[in-house]
Amino acid sequence: AQSVTQLGSHVSVSEGALVLLRCNYSSSVPPYLFWYVQYPNQGLQLLLKYTTGATLVKGINGFEAEFKKSETSFHLTKPSAHMSDAAEYFCAVSGTSGTYKYIFGTGTRLKVLA
Amino acid sequence: EPEVTQTPSHQVTQMGQEVILRCVPISNHLYFYWYRQILGQKVEFLVSFYNNEISEKSEIFDDQFSVERPDGSNFTLKIRSTKLEDSAMYFCASSRTGTYNEQFFGPGTRLTVL
């Protein structure tokens, strides 16, 4: 069975500060990992994904995440927050064969303070 | 850029009524999914569909739910007799393949059951 835990349902950072959103996963098979962003009243937009290969993954809007198997983590970071980053962020895991459904975390709402 | 579209954006219905939510996946995609997000909660998998049949469904997807790809382009979710607890945002998603499984999400249909 697979699961995702996102620590911190709400995170506030100052504009220009580092953004760190935490995601830990549990999976009995090598996972595929994703970060999605949801702006108010909009759908889910893919930020980045890890499937195989390089463990540091770069995504859109300056975000990146590092897959750490030993820590079962896939934390999302951005060096400098922008006001437009305010949104809800979801980490998701899926299997590599047999099942392709996403299991989502509970989400982290990011607030960026001026 | 191709995108997943969903109609309607908002549907209000009375308890016990049937509703059909419509989705047009990306044209060369072969895998289709429905997820739902109850207000303030995480996104939950409902069902996946491939080769004109359900490939996986969650425990939420009971006999009240059905999916169909009636004409090779649309992908529909039908709820036969809506309950208050069916009120949620319903997201359709599609992916080109099952592996390396990036799912593209539509903007969602907000279903309100009164």
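The structure this text deals with has already been given above.
Residues numbered from 1 in each chain as written. Chains lettered and ligands numbered in written order. Predicted model: local features only at pLDDT ≥ 70, side-chain atom pairs only at ≥ 80, totals over all residues. Heavy atoms only, no water.

Draft legend 1. Main features of the overall build of chain B. Check the secondary structure of chain B and you find zero helices and eleven strands. The order of helices and strands in chain B, counted from the N terminus, is β-β-β-β-β-β-β-β-β-β-β. A compact globule built from 114 residues would reach a C-alpha radius of gyration of about 13 Å, and chain B, at 13 Å, matches this within 12%. By its C-alpha atoms, chain B is 40 × 30 × 30 Å across when sized along the principal axes. A burial count over chain B gives 47% of its 114 residues as buried. Considering only contacts in chain B between residues 6 or more positions apart, those separated by 24 or more positions represent 54%. Total accessible area on chain B is roughly 5,800 Å²; 47% of this is exposed by carbon and sulfur atoms. Here chain B contributes 10 positive and 14 negative side-chain charges, whose respective centroids are spaced 2 Å apart. (Helix = DSSP H or I, 4+ residues; strand = E, 2+ residues; numbered from the N terminus. Rg over C-alpha atoms; globule rule 2.2 N^0.38 Å. Buried < 20%, exposed > 50% of the residue type's maximum accessible area, 1.4 Å probe, protein only. Contact = heavy atoms within 4.5 Å. Areas by Shrake-Rupley, 256 points an atom, 1.4 Å probe, with all protein chains shown as cover. Lys, Arg positive; Asp, Glu negative; His and termini not counted. Charge placed at Lys NZ, Arg CZ, Asp CG, Glu CD.)

Draft legend 2. How the structure looks around the layout of surface pockets. Considered as a void within the structure, the largest pocket measures approximately 480 Å³ in volume. For the largest pocket, the lining is made up of 21 residues, of which Leu44 and Gln45 of chain A together with Glu1, Glu3 and Phe105 of chain B are closest to its centre. For the lining of the largest pocket, the elements supplying multiple residues, two or more each, are strand 5 (32-38) and strand 6 (44-50) of chain A together with strand 1 (5-7) and strand 10 (104-105) of chain B. A per-class count over the lining of the largest pocket returns eleven nonpolar, seven polar and three charged. Estimated volume of the second largest pocket: approximately 380 Å³. Lining the second largest pocket are 20 residues, and of these Gln38, Glu88 and Arg109 of chain A together with Gln37 and Gly40 of chain B lie nearest its centre. Secondary structure elements with two or more residues in the lining of the second largest pocket: strand 10 (87-94) of chain A together with strand 9 (88-95) of chain B. Residues that form the lining of the second largest pocket fall into these classes: seven nonpolar, ten polar and three charged. (1 Å grid on protein atoms, 1.4 Å probe; cavity = no way out; pocket = protein on both sides within 12 Å on 5 of 7 lines; lining within 4 Å. Points joined across faces, edges and corners; volume = space filled by probe spheres on them. Nonpolar A, V, L, I, M, F, W, Y, C, P; charged D, E, K, R; others polar.)

Draft legend 3. Structural detail: the side chain of Glu88 of chain A. Tracing the backbone shows Glu88 of chain A in strand 10. A polar side-chain atom of Glu88 of chain A sits 2.8 Å from a polar atom in the side chain of Arg109 of chain A. (Polar contact = N/O pair within 3.5 Å; in protein donor to acceptor, adjacent residues only side chain to side chain.)

Draft legend 4. Representation of the sheet that holds strand 8 (residues 75-79) of chain B within the structure. Residues and elements named next belong to chain B. Ordered by their spatial adjacency, four strands build an open sheet running 1-3-8-7, and the pairing between neighbours is antiparallel. Looking along the sheet, the strands with just one partner apiece sit at the ends: strand 1 and strand 7 (65-68). Adjacent strand axes in the sheet meet at a mean angle of 20°, parallel and antiparallel pairs treated alike. Across four bridges, strand 7 lies against strand 8 in antiparallel orientation. Each bridged residue has a counterpart across the sheet, and for Ser66 the counterpart in strand 8 is Lys78. (Pairing = 2+ DSSP bridges. Axes fitted to C-alpha atoms, helices over the stretch in contact; angles between N-to-C directions.)

Draft legend 5. Focus on the pairing of strand 5 (residues 43-50) of chain B. Residue and element names in this part refer to chain B. Among the eight residues that make up strand 5, six are buried, leaving the element largely enclosed by the rest of the structure. Of the pairings in the sheet, the one linking strand 4 (residues 31-37) to strand 5 comprises seven bridges and is antiparallel in character. Across the sheet, residue Tyr33 finds its bridge partner in strand 5, namely Ser48. Between strand 4 and strand 5, which pair antiparallel and follow one another directly, the connecting turn spans five residues, one of which, Gly40, has a positive phi of 85°. Relative to strand 6 (residues 53-57), strand 5 runs antiparallel, the two being bridged by four bridges. Bridge assignment links Ser48 to a residue of strand 6, and that residue is Glu56. The hairpin turn running from strand 5 into strand 6, its antiparallel successor, is two residues long, and Asn51 in that turn takes a positive phi close to 55°.

Draft legend 6. Molecular detail of the packing of aromatic side chains. Under the criterion given, the structure shown has 23 aromatic pairs over all chains. Site record: aromatic cluster; members linked through ring pairs are Phe34, Tyr36, Phe90, Tyr102 and Phe104 of chain A together with Tyr33, Tyr35, Phe45 and Phe105 of chain B. (Phe/Tyr/Trp six-rings, centres within 6.5 Å; stacked < 30°, edge-to-face > 60°.)

Draft legend 7. Summary view of the state of the cysteines. For the structure on display, the rule yields two disulfides over all chains. The partner cysteine of Cys23 of chain A in its disulfide is Cys91 of chain A, sulfur to sulfur 1.9 Å. Looking along the S-S bond of the Cys23 of chain A-Cys91 of chain A disulfide, the torsion reads about -60°, which is the left-handed sense. You can see Cys23 of chain A sitting in the loop between strand 3 (19-21) and strand 4 (24-26) and its partner Cys91 of chain A sitting in strand 10, a full 68 residues away along the chain. We note that Cys23 of chain A, like Cys91 of chain A, is buried. Each disulfide pairs two cysteine sulfurs, and for Cys23 of chain B the partner residue is Cys92 of chain B, the sulfurs being separated by 1.9 Å. The disulfide joining Cys23 of chain B to Cys92 of chain B has a torsion of about -65° about its S-S bond and is therefore left-handed. Taken as a pair, Cys23 of chain B in strand 3 (residues 19-24) and Cys92 of chain B in strand 9 lie far apart in primary sequence, 69 residues in all. We classify Cys23 of chain B as buried; its relative accessible area is 1%. (Disulfide = S-S within 2.5 Å.)

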